[in-house]
Amino acid sequence: MPGVITPEILKNLMEALRRGLHENPKIARHVCWAICNLANEVQVIKNTSALSKYFGAMVQELLKVAEKPDIDLRGDAFEAINALVLGSASDVYPIIGQLVPELMKRLKVALEHGGKQMSTAQAALVANALAAYCSTLTLAIGKLSENPKLRETLCRYMDPMMEFFLGVLRQNHSEAHEEALLAISAVARCVENNFNRYMPHLYEKLLHMLRDIESPAICNVAIGVCGDVARALDSKLVPYCDEIVKTLLSNLKNVSLERHVKPRILECLGDIAMAIRGNFEKYHKHVMLLLQDASRLDFRQERDYETVEYMNSLREAIIETYISILQGLADGEKEQLFVDHLKALPDFLGKIAGDSDTSDEVIRASCSFIGDMARILGPKNPQLRKYLLSQAHIKKIITDGFQRDDVCKKQAEYAKRNVMALQSRQ
């Protein structure tokens, strides 16, 4: 909180904001914006914040404003609620817990309205309401999951909550689908392995949205859901993998899909590899070939900001996917499968080492990958040992890592330590 706002000033300010919410729509919108800015500035200190004592009352006022029938302030009000929840300290988590059933009740009513015949304007209002409730529930689930006791209480709501989120996906309100998918991701992160009970109901809808390349935003979020579900289910994902992996690989090859989505697909494939471990064997050949093709892309002719950003995003995703596949196969004691697909690696890492526009994130991932190869594969593979110990670009990447941020330095140390340990085996 800015130092000029003393506790007494804050008290008067919050009262003025509360009254302002019930003024004319223009003022009320500005008040919602002011609450967002205030919540974004607040600092959490020792499990509390300057806004904690006002949290419950302000959320209730915003809920009232959101439901005013004569004016549409729902979007503004829920943006302010989301800012308050996102910036909240743990001392108000019980209040957030009380907010969950209230939001579920409103979501249920909105779903019932959404199933009726209505005008385009009415449909837009329903879609906005569905999106708003899903968005706030996503944040609430994330916050309450941090507390084991509150997490346990939250899990009691998961069955009806998932029913509502799936209900949103079934309705013809595409504007709300993205928020419902994000909420489903939050559920997966919260309940972890128990998410398996929802997969039979989610699976077909998720596949449909993964295939919806005409709506890249929805496709992108659906890919994120796949990654969260993979991390939640681990080996329980196996029965669903064939069609999911097939769809992801098809999307990667599709030239019509916006290119910024493709790194997310690679990361998702990595999440699947980590989840199903040795069971990834049936997919690894196809995925590794696509990774090799992606690593050969040449960006030397284009050096505008957007292209460099995409280049680094893609290269980071390629390396992170390599790491996940290697670790997943190693957990299933099938790491030797990885060695058969390393022919393109020297050229790829050489590009990274020789590119002045390589980002910290790519260097960090490269150091981590080098360290993993040395630790997992190096002891049993003389040719790989020779490559890691002798190639100048390997040394350059590690050296570069020591000159970057602290996270890079940590991974550079990991790579150096494991590569140097191979010298005794030469």
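Conventions we followed
- Every chain is numbered independently, its residues counted from 1 as its sequence is written.
- Selection of residues for local features in this predicted model requires a pLDDT of at least 70, selection of side-chain atom pairs for listing and counting requires 80 or more, and totals for whole chains, interfaces and linings are taken over all residues.
- As a rule here, side-chain values come from all non-hydrogen atoms in the structure, and water together with hydrogens is ignored.
- Where helices and strands are cited, they refer to DSSP runs of H or I of at least four residues and of E of at least two residues respectively, numbered from the N terminus.
- N or O atoms closer than or at 3.5 Å make up a polar contact, with two conditions inside protein: a donor-capable atom paired with an acceptor-capable one, and, for residues adjacent in sequence, both atoms drawn from side chains.
- Residues are treated as being in contact if the distance between any of their heavy atoms lies within 4.5 Å.
- Residues enter patches when their relative accessible area tops 30% and they take part in no salt bridge; the joining distance is 9 Å for like charges and 5 Å for the nonpolar side chains Val, Leu, Ile, Met, Phe, Trp and Tyr.
- Surface accessibility follows the Shrake-Rupley procedure with a 1.4 Å probe radius. Residue values consider only the protein chains on display as shielding.
- We define a salt bridge as a side-chain nitrogen of Lys or Arg found within 4 Å of a carboxyl oxygen belonging to Asp or Glu.
- When charges are counted, Lys and Arg contribute as positive and Asp and Glu as negative, whereas His and the chain ends are disregarded.
- Working definition for charges: the position is that of NZ of Lys, CZ of Arg, CG of Asp or CD of Glu.
- Exposed residues in this analysis have more than 50% of their type's maximum accessible area, buried residues have under 20%, and partly exposed residues fall in between, with area computed by a 1.4 Å probe over protein chains only.
- The disulfide criterion used throughout: a pair of cysteine sulfur atoms within 2.5 Å.
- The criterion is simple. A nonpolar core is a set of buried Ala, Val, Leu, Ile, Met, Phe, Trp, Tyr and Cys residues joined through side-chain atoms within 4.5 Å.
- Every helix has an expected span of 1.5 Å times one less than the residues it contains.
- Interaxial angle, 0 to 180 degrees, is taken between N-to-C directions of lines fitted to C-alpha atoms, where a helix line uses only the stretch in contact.
- Note on convention: the crossing is left-handed when the near helix lies turned anticlockwise from the far helix by less than a right angle, right-handed when the turn is clockwise.
- When residue character is reported, Ala, Val, Leu, Ile, Met, Phe, Trp, Tyr, Cys and Pro are called nonpolar, Asp, Glu, Lys and Arg charged, and the others, Gly included, polar.
- Stacked, tilted and edge-to-face are the three classes applied to pairs of Phe, Tyr and Trp rings, where Trp contributes its six-membered ring and a pair requires centres within 6.5 Å; stacked means planes under 30 degrees apart, edge-to-face means over 60, and tilted covers the rest.
- Our angle categories are set so that under 35 degrees counts as roughly parallel, over 145 as roughly antiparallel, 65 to 115 as roughly perpendicular, and the remainder as oblique.

In this section: the side chain of Thr 136. Tracing the chain through its elements places Thr 136 in helix H6 (residues 120-144). In this structure the side chain of Thr 136 is engaged in a polar contact, spanning 2.6 Å, whose partner is the side chain of Asn 82. Excluding residues within four positions of it along the chain, Thr 136 makes contact with Phe 78, Ile 81, Asn 82, Leu 99 and Leu 103.

The subject of this paragraph is a negative patch on the surface. A cluster of acidic side chains, namely Glu 302, Asp 304, Glu 306 and Glu 309, defines a negative patch on the protein surface. Mapping Glu 302 onto the fold places it in the loop between helix H14 (281-295) and helix H15 (305-331). Using a relative accessible area of 48% as the deciding quantity, one classes Glu 302 as partly exposed.

Turning our attention to the state of the cysteines. Tallying each qualifying case throughout the model produces 0 disulfides. For Cys 219, which is in no disulfide, the shortest distance to another cysteine sulfur is to Cys 226 and amounts to 9.3 Å. On the accessibility criterion, Cys 219 (0% relative accessible area) is buried. Cysteine Cys 268 is unpaired, with the sulfur of Cys 226 as its nearest cysteine sulfur at 4.6 Å. Residue class for Cys 268 comes out buried when judged on its relative accessible area of 2%.

This next bit is on the nonpolar core. Of all hydrophobic cores here, the largest spans 159 residues; its most connected members are Leu 62, Leu 107, Phe 165, Phe 195, Ile 272 and Phe 338. Take this core: its biggest share by element is 12 residues, from H15. Once residues lying within four places of it in the same chain are set aside, the contact partners of Leu 62 are Leu 21, Cys 32, Ile 35, Ala 77, Ala 80, Ile 81 and Leu 84.

Even without being glycine, Lys 46 reaches a positive phi, approximately 50°. Positionally, Lys 46 belongs in the loop between helix H2 (25-41) and helix H3 (52-66). With a relative accessible area of 78%, Lys 46 lands in the exposed category.

Along an α-helix, a turn takes 3.6 residues, which lines up residues three or four apart on a common side. For H3, with 15 residues, the first-to-last C-alpha span of 21 Å sits near the 21 Å given by 1.5 Å per residue. In terms of residue burial, H3 counts as a mostly covered element, since 11 of its 15 residues are buried. Taken as a whole, H3 has its buried residues at Ser 52, Tyr 54, Phe 55, Gly 56, Met 58, Val 59, Glu 61, Leu 62, Leu 63, Val 65 and Ala 66. Those residues of H3 that are buried lie in contact with helix H1 (7-20), H2, helix H4 (74-86) and helix H5 (93-114).

Here the structure, examined in full by the defined rule, presents 25 salt bridges. With a closest N to O distance of 3.0 Å, Arg 211 and Glu 243 form a salt bridge. With a gap of 32 residues between them, Arg 211 in the loop between helix H10 (199-210) and helix H11 (216-233) and Glu 243 in helix H12 (residues 241-253) connect regions that are remote in the sequence. When its relative accessible area of 30% is taken as the criterion, Glu 243 is described as partly exposed.

In the contact formed by H6 and helix H8 (residues 158-170), the axes pass within 11 Å of each other and the chain directions differ by 145°. Note on packing geometry: the crossing formed by H6 with H8 is left-handed. Here Leu 130, Cys 134, Leu 137 and Ile 141 of H6 lie close against H8, whose contacting residues are Met 158, Met 161, Phe 165 and Val 168. Of the residues belonging to the contact of H6 with H8, the class tally is 8 nonpolar, no polar and no charged.

With respect to the helices, strands and loops of the structure, Leu 21 is situated in the loop between H1 and H2. On the accessibility criterion, Leu 21 (0% relative accessible area) is buried. In this structure Leu 21 touches Ala 28, Val 31, Cys 32, Ile 35, Met 58, Glu 61, Leu 62, Val 65 and Lys 68, once residues within four positions along its chain are discounted.

Here we take up the packing of aromatic side chains. The relative placement of two aromatic rings is captured by the distance of their centres and the angle of their planes. Across all of its chains, the model carries 8 aromatic pairs by this definition. Relative to Tyr 310, the ring of Phe 299 lies with its centre 6.2 Å away and its plane at 70°, an arrangement referred to as edge-to-face. With Phe 299 in the loop between H14 and H15 and Tyr 310 in helix H15, this pair connects stretches of sequence that are 11 residues apart. Here Phe 299 matches Tyr 310 in class, with each residue buried. Where Phe 338 meets Phe 369, the ring centres are 6.2 Å apart and the plane angle is 75°; that geometry is what we call edge-to-face. With Phe 338 in helix H16 (residues 336-339) and Phe 369 in helix H18 (residues 360-377), this residue pair connects regions lying 31 residues apart in the sequence. Linked through ring pairs, Tyr 322, Phe 338 and Phe 369 together constitute an aromatic cluster.

One can find Asn 312 in helix H15. Among the residues examined, Asn 312 registers a relative accessible area of 9% and is labelled buried. Separated by 45 residues in the primary sequence, Asn 312 and Asp 357 place their C-alpha atoms 8.2 Å from one another.

Where H1 meets H3, the axes come as close as 11 Å, and the angle between the chain directions of the two elements is 15°. It follows that H1 is roughly parallel to H3 by the angle criterion. By crossing handedness, the relation of H1 to H3 is classed as left-handed. Of H3, the residues touching H1 (which contributes Pro 7, Leu 10, Lys 11, Met 14, Leu 17 and Arg 18) are Tyr 54, Met 58 and Glu 61. For the contact of H1 with H3, the residue count by class is 6 nonpolar, no polar and 3 charged.

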